[in-house]
Amino acid sequence: MSTFNTLLLGFISIVLINNLVFTKFLGICPYLGVSGRIDMAFGMGMAVTFVVTLSGTLTWIIDNWILAPLGLEVTRYVCFILVIAGAVQLVEMYVRKFFPSLYESFGIFLPLITTNCAILGLCLFINLWGIDNLLEAVVLSFGAGIGFTMAICIMAGIRENLKMVDVPDSLKGAPITLITAGLLTLAFMGFAGMIR
Amino acid sequence: MTKNSDTTASIYKETLLAGLWRENPVFRLLLGMCPTLAVTAAVKPALTMGLSVIFVLVCSNIVVSLMRNLLKPHLRILMFTLTISTFVTIADLFLRAFQPVMSETLGPYVPLIIVNCIIICRAEACASKNNLVVSIIDAIGMGVGFTLTLCVLASIRELLSTGMIFEAKVMPDWFVPWAAMSMPVGAFITLGLLLGLVNRLTKGKS
């Protein structure tokens, strides 16, 4: 029961309270780049969720079962980025094969998931927080993906409505998106302190 | 001959200046947003971050430029990230050894330089196509442009959130610090307004 509680709390905290986009500034590039339409945002969120779950789990295993016993922590970053690049390659092949139209609309942003800070960031944070069991690492990685999907979908929803608004000329595009994002983080700060 | 060297010199100058303003990585290309937002709560970490990025950018541009003829298209990005992560590991170990406090403050954002889009973008757009000298100059221009932007953003945020710049008090006593500026909200909104300002300035010119 207590394990279940820890996992549930961990999941809620990474989705709402420690949301990677809103509190850690990770994954801002796709967050600003792909949040124009809600269906693309959702597809991107799903792709990132898959990659982050896979690579979060794999990097935890590599870090704890291979690098730590062998004393090779120095090569940690190189290993992490290799795992992530491999996972992204898998997703890219899968999407190209089964969802060609989605693949077209993603364009450059799909291979760029490799350089999505949210993914490497999560792997590093799992390492930093000293998560010491595999199950927790899996749940946290999955939660981070869900949190990212939620953030990017909310943003896409707002931006779709923003198209009908008269924004000052010099603020059009990225600036107004950033300001909106700022207000969103303000809203999400309401969750801070919910779980200690 | 003189004319030829003249044009080379002007190309170098162009490349250097492009990074500083015309193609400023943060304001014009919207690259490297994550560290821009994350480490700019105060000037000191921002400066450290900027210097680490310059180091990694110059080194990776040198290596990529030297091996540009050996690159295979589909393995390109992988090679770039591997090169970059090696240099980031060096920078991270250096910071941990000589600047332990700063390393603690920056935390995972130092290793996150690996996925900083600026570095990959420069490797792809410049170093993999140009010779060594142009690549190095481009790296310096871009790196300095990035650092300056970080410092501008960080000074605004530090000034408004604590009334200090570089940990020295500037504001008069009656100034009430805006706590929100040191939080994520402050980062997003300040950068948004700065971008708006830059848009306005450049529009007036053209």
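This structure is a prediction, so every number in the text was calculated from the model and none was measured.

Criteria and cut-off values
- Residues numbered from 1 in each chain as written.
- Chains lettered and ligands numbered in written order.
- Predicted model: local features only at pLDDT ≥ 70, side-chain atom pairs only at ≥ 80, totals over all residues.
- Helix = DSSP H or I, 4+ residues; strand = E, 2+ residues; numbered from the N terminus.
- Rg over C-alpha atoms; globule rule 2.2 N^0.38 Å.
- Buried ≥ 20, exposed ≤ 12 C-beta atoms within 10 Å, placed from the backbone.
- Contact = placed C-beta atoms within 7 Å.
- Nonpolar A, V, L, I, M, F, W, Y, C, P; charged D, E, K, R; others polar.
- pLDDT = per-residue confidence, 0-100.
- Axes fitted to C-alpha atoms, helices over the stretch in contact; angles between N-to-C directions.
- Parallel < 35°, antiparallel > 145°, perpendicular 65-115°, else oblique.
- Left-handed = near helix turned anticlockwise from the far one by under 90°.
- Core = buried A, V, L, I, M, F, W, Y, C linked by C-beta atoms within 7 Å.
- Expected span 1.5 Å × (residues − 1).

Enquirer: Help me understand the overall build of chain A in this model?
Expert: Looking only at helices and strands, one finds nine helices and zero strands in chain A. Ordering the α and β elements of chain A from the N terminus gives α-α-α-α-α-α-α-α-α. The globule rule puts the C-alpha radius of gyration for 196 residues at 16 Å, and the 18 Å found for chain A is close to it. Within chain A, the fraction of its 196 residues that count as buried is 44%. Contacts in chain A between residues at least 24 apart in sequence constitute 81% of all its contacts with a sequence separation of at least 6.

Enquirer: What is the right way to look at the overall build of chain B in this model?
Expert: If you tally the helices and strands in chain B, you get eight helices and two strands. Seen in sequence order, chain B has helices and strands lined up from the N terminus as α-α-α-α-α-α-α-β-β-α. Taken over C-alpha atoms, the radius of gyration comes to 18 Å for chain B, in line with the 17 Å a tight globule of 206 residues would show. Expressed as lengths along the three principal axes of its C-alpha atoms, the size of chain B is roughly 65 × 45 × 30 Å. Expressed as a percentage of its 206 residues, the buried residues of chain B come to 45%.

Enquirer: Before we go on, may I ask you to explain the interface of chain B and chain A in this structure?
Expert: Think of interface size as the accessible area that goes away when the parts come together; that is how it is often given. Across the contact, 33 residues belong to chain B and 33 residues belong to chain A. Of all elements in the fold, only α2 (33-38), α4 (76-98), α6 (117-127) and α8 (184-205) of chain B reach the threshold of two or more residues within the side of chain B that touches chain A. A total of 12 residues in the side of chain B that touches chain A trace back to one element, the largest contributor, which is α8(B). When the residues that make up the side of chain B that touches chain A are grouped by side-chain class, the tally is 23 nonpolar, eight polar and two charged.

Enquirer: For this particular structure, what's the right way to read the confidence of the model for chain A?
Expert: Low-pLDDT portions of the prediction should not be read for the details of their coordinates. Mean pLDDT over chain A stands at 85; residues scoring 70 or higher make up 98%. Per-element confidence in chain A ranges from a low mean pLDDT of 79 for helix α3 (residues 28-33) of chain A to a high of 91 for helix α8 (residues 134-162) of chain A.

Enquirer: Can you help me understand the packing of helix α5 (residues 76-98) of chain A against helix α7 (residues 117-128) of chain A in this one?
Expert: Any two packed helices are characterised by the angle at which their axes cross and by the distance between the axes. Residue and element names in this part refer to chain A. At their nearest, the axes of α5 and α7 sit 11 Å apart, and the two run at 135° to each other. In this view, α5 runs oblique relative to α7, as classed from their interaxial angle. Crossing geometry of α5 relative to α7 is assigned as right-handed. Across the interface between the two elements, F80, I81 and I84 from α5 touch I119, L120 and C123 from α7.

Enquirer: In this structure, what is going on with the confidence of the model for chain B? I would like to understand it.
Expert: Residues and elements named next belong to chain B. With 96% of its residues at a pLDDT of 70 or more, chain B has an overall mean of 83. The least confident element of chain B is helix α1 (residues 2-22), whose mean pLDDT is 72; the most confident is helix α3 (residues 43-66), at 91. The ipTM, which scores confidence in the relative placement of chains, is 0.81 for this predicted complex, and the corresponding pTM is 0.85.

Enquirer: What am I meant to see in the nonpolar core here?
Expert: Considering soluble globular proteins, one finds that nonpolar side chains tend to be buried as a cluster. Counting 113 residues, the largest nonpolar core has V51(A), A118(A) and L120(A) as the members making the most contacts within it. For V51(A), the contacting residues outside a window of four places in its chain are I84(A), A87(A), V88(A), V91(A), I113(A) and I119(A).

Enquirer: Would you explain α4(B) in this entry?
Expert: Two residues of an α-helix separated by three or four positions point the same way, owing to the 3.6 residues in each turn. Counted at 1.5 Å a residue, the expected span for α4(B) with its 23 residues is 33 Å, and the 33 Å between its end C-alpha atoms agrees. All buried positions along α4(B) are accounted for by F80(B), T81(B), T83(B), I84(B), S85(B), F87(B), V88(B), D92(B) and L95(B).

Enquirer: Please clarify how helix α7 (residues 132-162) of chain B should be interpreted in this entry.
Expert: With 31 residues, α7(B) extends 43 Å from end C-alpha to end C-alpha; this agrees with the ideal 45 Å at 1.5 Å per step. Just beyond α7(B), the residue with positive phi is G163(B), at close to 80°.

Enquirer: What is the right way to look at the packing of α8(A) against helix α9 (residues 174-188) of chain A in this model?
Expert: Residue and element names in this part refer to chain A. The geometry of α8 relative to α9 is characterised by a closest axis approach of 11 Å and an angle of 130° between their N-to-C directions. Between α8 and α9, the crossing angle belongs to the class labelled oblique. The crossing of α8 and α9 is right-handed. Residues I154, M155, I158, R159 and L162 of α8 pack against I176, T177, T180, A181 and L184 of α9.

Enquirer: Help me understand the environment of L102(A), please; the structure alone is not making it clear to me.
Expert: Residues and elements named next belong to chain A. By the secondary structure assignment, L102 is in helix α6 (residues 100-106). Between the C-alpha atom of L102 and that of E73, which follows or precedes it by 29 residues, the distance is 38 Å. Once residues within four sequence positions are removed from consideration, L102 is found in contact with G43 and V95.

Enquirer: What should I look at first to understand the environment of G32(B) in this one?
Expert: Assignment of secondary structure puts G32(B) in the loop between α1 and α2. Linking G32(B) and N116(B), residues 84 residues apart in sequence, is a C-alpha distance of 5.2 Å.

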